[in-house]
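Here are the chains, one letter per residue:
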Amino acid sequence: MKAIVLTAAGGPEVLEEQDRPNPVPGPGQIRVRVLASALNRADLLQRRGHYPAPSGSPPDIGGIEFAGEVETLGKGSVLWAVSDRVMGLVGGGAHAEYVVLHEREAIAVPAALGWEEAAAIPEVFLTAYDALFLQLGLRMGERLLVHAAGSGVGTAAIQLAALAGAESIGTSRSEGKLERARTLGMGFGVNAAAGDWPAAVLAHTGGKGVHAVLDLVGGSYLAGNLEVLAPRGRLIVVGLTAGARAEIDLGQVVAKRLSIRGTVLRARPLEEKIALARDFSDRVLPSFVSGRLKPVIDSVFRFAEVREAHERMEGNETFGKVVLTWGDS
């Protein structure tokens, strides 16, 4: 099979298309012919040598999400049939023509969606759904603050919050991204580059603050998060693009009785990944069928243009997902 291989740690120039043996599905697994995948911050970090693949995943082939057709069934696999359309998350290896995963990790692709659209769903919508509802317990009528509203997870979170009847407030360093996020259901946008974003959030909420924060930035945003959280508010940290270290005011945490969590999907045990995939299939997938949820695509590249795709994402001008396809597959 063709695969995009990390030949060293470095910039986009270390990415090369190479021939590799097809992965072999084990008991309970399926092999999927990958027709589209997408880029994530995890891919950029892994390419730079800062985020190695978890045990059991190819160490030098990136890609944590895919959409494609079931091509081979491992021993004992009964959930899918050859040629079924599936999508899902893996620990790595999705930037190749074939990927192997447990059959219960795979999620059906709705008939109305094309491959590029399907590839733009798994990482961002599973991450947002898990963070907002399974961990933060977001409820109807609550106010949610989403940092990096124009990112893949941000655009998914805004849609999911609107679907649940929650108000979303988004931050971005781009007015253009905020305008586009409003079309997805975001109620109020704050330009974080303009200065005091916590003051803007508090002004919008009449000083009441927000019930929950989905932080896709990290770093210095922590202090502002604590400031805008209402009593008994909940914060979950998903991304660390602004850094992994920050000073915390424990006085605010205690006085407001705040809850702070962190989350990651890639390194979770198989059992947890299966549980999330099945829950997502039951509770969220029908909204893609009805059209109430839609994947947001920034741009589409052929795998032969993977270096350009990495450069596009690193430029931080994207809104939604950068998708990769094999083109002539």
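So, how was this worked out
- Residues numbered from 1 in each chain as written.
- Predicted model: local features only at pLDDT ≥ 70, side-chain atom pairs only at ≥ 80, totals over all residues.
- Heavy atoms only, no water.
- Pairing = 2+ DSSP bridges.
- Helix = DSSP H or I, 4+ residues; strand = E, 2+ residues; numbered from the N terminus.
- Right-handed = clockwise from strand over helix to strand, strands pointing away.
- Polar contact = N/O pair within 3.5 Å; in protein donor to acceptor, adjacent residues only side chain to side chain.
- Contact = heavy atoms within 4.5 Å.
- Buried < 20%, exposed > 50% of the residue type's maximum accessible area, 1.4 Å probe, protein only.
- Patch = residues over 30% accessible without salt bridge, like charges linked within 9 Å, V, L, I, M, F, W, Y side chains within 5 Å.
- Areas by Shrake-Rupley, 256 points an atom, 1.4 Å probe, with all protein chains shown as cover.
- Salt bridge = Lys/Arg side-chain N within 4 Å of Asp/Glu carboxyl O.
- Lys, Arg positive; Asp, Glu negative; His and termini not counted.
- Charge placed at Lys NZ, Arg CZ, Asp CG, Glu CD.
- Axes fitted to C-alpha atoms, helices over the stretch in contact; angles between N-to-C directions.
- Parallel < 35°, antiparallel > 145°, perpendicular 65-115°, else oblique.
- Left-handed = near helix turned anticlockwise from the far one by under 90°.
- Nonpolar A, V, L, I, M, F, W, Y, C, P; charged D, E, K, R; others polar.

(A) Layout of the pairing of strand β14 (residues 297–302). Two elements, β14 and strand β15 (residues 321–325), share five bridges in a ladder whose sense is parallel. The residue of β15 that forms the bridge with serine 299 is valine 322. For the segment spanning β14, helix α11 (residues 306–314) and β15, crossover handedness is right-handed.

(B) Structural view of the side chain of histidine 102. Tracing the sequence through the fold places histidine 102 in strand β6 (residues 98–102). At 3.0 Å, the side chain of histidine 102 forms a polar contact with the backbone nitrogen of arginine 104. Setting aside anything within four residues of it in sequence, one finds histidine 102 in contact with Gly28, Gln29, Leu270 and Ile274.

(C) Local environment of unusual backbone geometry. For alanine 148, which is not a glycine, the phi torsion comes out positive at approximately 60°. Assignment of secondary structure puts alanine 148 in the loop between β8 (143–146) and α4 (152–163). Phi is positive for arginine 232, which is not a glycine, with a value near 65°. Mapped onto the elements of the fold, arginine 232 is located in strand β12 (residues 229–237). Looking at arginine 232, the relative accessible area reads 57%, which means it is exposed.

(D) Representation of the environment of leucine 73. Within the secondary structure, leucine 73 is located in strand β4 (residues 65–73). On the basis of relative accessible area, leucine 73 is assigned to the partly exposed category, the value being 33%. Residues leucine 73 and glycine 243, 170 residues apart in the sequence, show an inter-C-alpha distance of 42 Å. If sequence neighbours within four positions are ignored, leucine 73 has contacts with Gln29, Ile30, Trp80 and Val82.

(E) Molecular detail of a negative patch on the surface. Among the surface-exposed residues, Glu13, Glu305, Glu308 and Glu311 lie close enough to one another that they form a single negatively charged patch. Within the fold, glutamate 311 resides in helix α11.

(F) Expanded view of the packing of helix α1 (residues 41–48) against α11. The contact between α1 and α11 brings their axes to 10 Å, and the two run at 110°. One way to sum up the angle between α1 and α11 is to call them roughly perpendicular. Seen along the crossing, α1 lies across α11 with a hand that is left-handed. Mapping the contact onto sequence places Arg41, Asp43, Leu44, Arg47 and Arg48 in α1 and His310, Met313 and Glu314 in α11. Here the contact of α1 with α11 is built from residues that sort into two nonpolar, one polar and five charged.

(G) Main features of the sheet that holds β8. Pairing is parallel in the open sheet, where six strands are placed in the order β10-β9-β8-β11-β12-β13. Looking along the sheet, the strands with just one partner apiece sit at the ends: β10 (188–191) and β13 (259–262). Strand-to-strand twist in this sheet, taken as the mean axis angle between neighbours without regard to direction, amounts to 15°. Bridge analysis of β8 against strand β11 (residues 210–215) gives three bridges, and the strand direction is parallel.

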